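Working through the structure, step by step
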Amino acid sequence: MDNMKSWYQSKTVWGALIAVLAPLLHVVGLNLPTGIEEELAEGLVTVAGGVGGLVALYGRLSANSIIR
């Protein structure tokens, strides 16, 4: 595996989180429709990537040091 990516860009990580959260949501009375897990994971990867980009941009713009 030469390609590196952040944890939040991994569909496997988001799928695992959804797999853990789905039963917990069921306990409180919320049910995910069947088959939505993959779509939800893809959407979360997209959102997390966008948020990660915004955080990186904010960090660079608010930094006090010069990049060499």
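To start, this report covers the structure provided alongside it. Within every chain, residues take consecutive numbers counted from 1 along the sequence as written. Where local features are concerned, this predicted model is filtered to residues with pLDDT of at least 70; where side-chain atom pairs are given and counted, the filter is 80 or more; whole-chain, interface and lining totals use all residues. Just so you know, side-chain values use all the structure's heavy atoms and leave hydrogens and water out.

Some words on the overall build of the protein chain
A helix here means a DSSP run of H or I that spans at least four residues, while a strand means a run of E at least two residues long, and both kinds are numbered starting from the N terminus. Regarding its fold elements, the protein chain presents 2 helices and 0 strands. Taking 11 Å as the expected radius of gyration for a compact globule of 68 residues, we find that the protein chain reaches 16 Å, considerably beyond that expectation. Overall size of the protein chain, expressed as C-alpha extent along the three principal axes, is 50 × 30 × 15 Å. Each accessible area is a Shrake-Rupley result for a 1.4 Å probe, and residues are judged covered by the shown protein chains and nothing else. Total accessible area computed for the protein chain in this model is approximately 5800 Å², and 65% of it derives from carbon and sulfur atoms. Between the averaged position of the 4 positive side-chain charges in the protein chain and that of its 5 negative side-chain charges there is a distance of 22 Å. The globule rule is 2.2 Å times the number of residues to the power 0.38, and the radius of gyration it is compared with is taken over C-alpha atoms. For the charge count, each Lys or Arg is scored as positive and each Asp or Glu as negative, with His and the chain ends excluded. Taken as the charge centre is NZ of Lys, CZ of Arg, CG of Asp or CD of Glu, depending on the residue.

Observations concerning the nonpolar core
Soluble globular proteins: nonpolar side chains tend toward being buried together. With 5 residues, the main nonpolar core is built from W14, I18, A41, V45 and A48. Secondary structure elements with two or more residues in this core: α1 (11-27) and α2 (37-62). In terms of residue count, the dominant contributor to this core is α2 (3 residues). The contact criterion used throughout is that any non-hydrogen atoms of two residues lie within 4.5 Å. The contact partners of V45, leaving out residues within four places of it in the chain, are Y8, Q9, S10, K11 and W14. We call a set of buried Ala, Val, Leu, Ile, Met, Phe, Trp, Tyr and Cys residues a nonpolar core when their side-chain atoms join them within 4.5 Å. A 1.4 Å probe rolled over the protein chains alone gives each residue an accessible area, and that area as a share of the maximum for its type sets the label: buried under 20%, exposed over 50%, partly exposed in between.

Focus on α1
Each residue after the first adds 1.5 Å to the expected span of a helix. In this model α1 runs 24 Å from its N-terminal to its C-terminal C-alpha over 17 residues, within 8% of the 24 Å that 1.5 Å per residue would give. Its axis deflected by about 25° at L21, α1 carries its strongest bend there, up to four residues before the proline P23. Backbone geometry just downstream of α1 places G29 in the positive-phi region, at approximately 100°. Throughout, bend refers to the angle between the axes fitted to the seven residues that end at a position and the seven residues that start at it.

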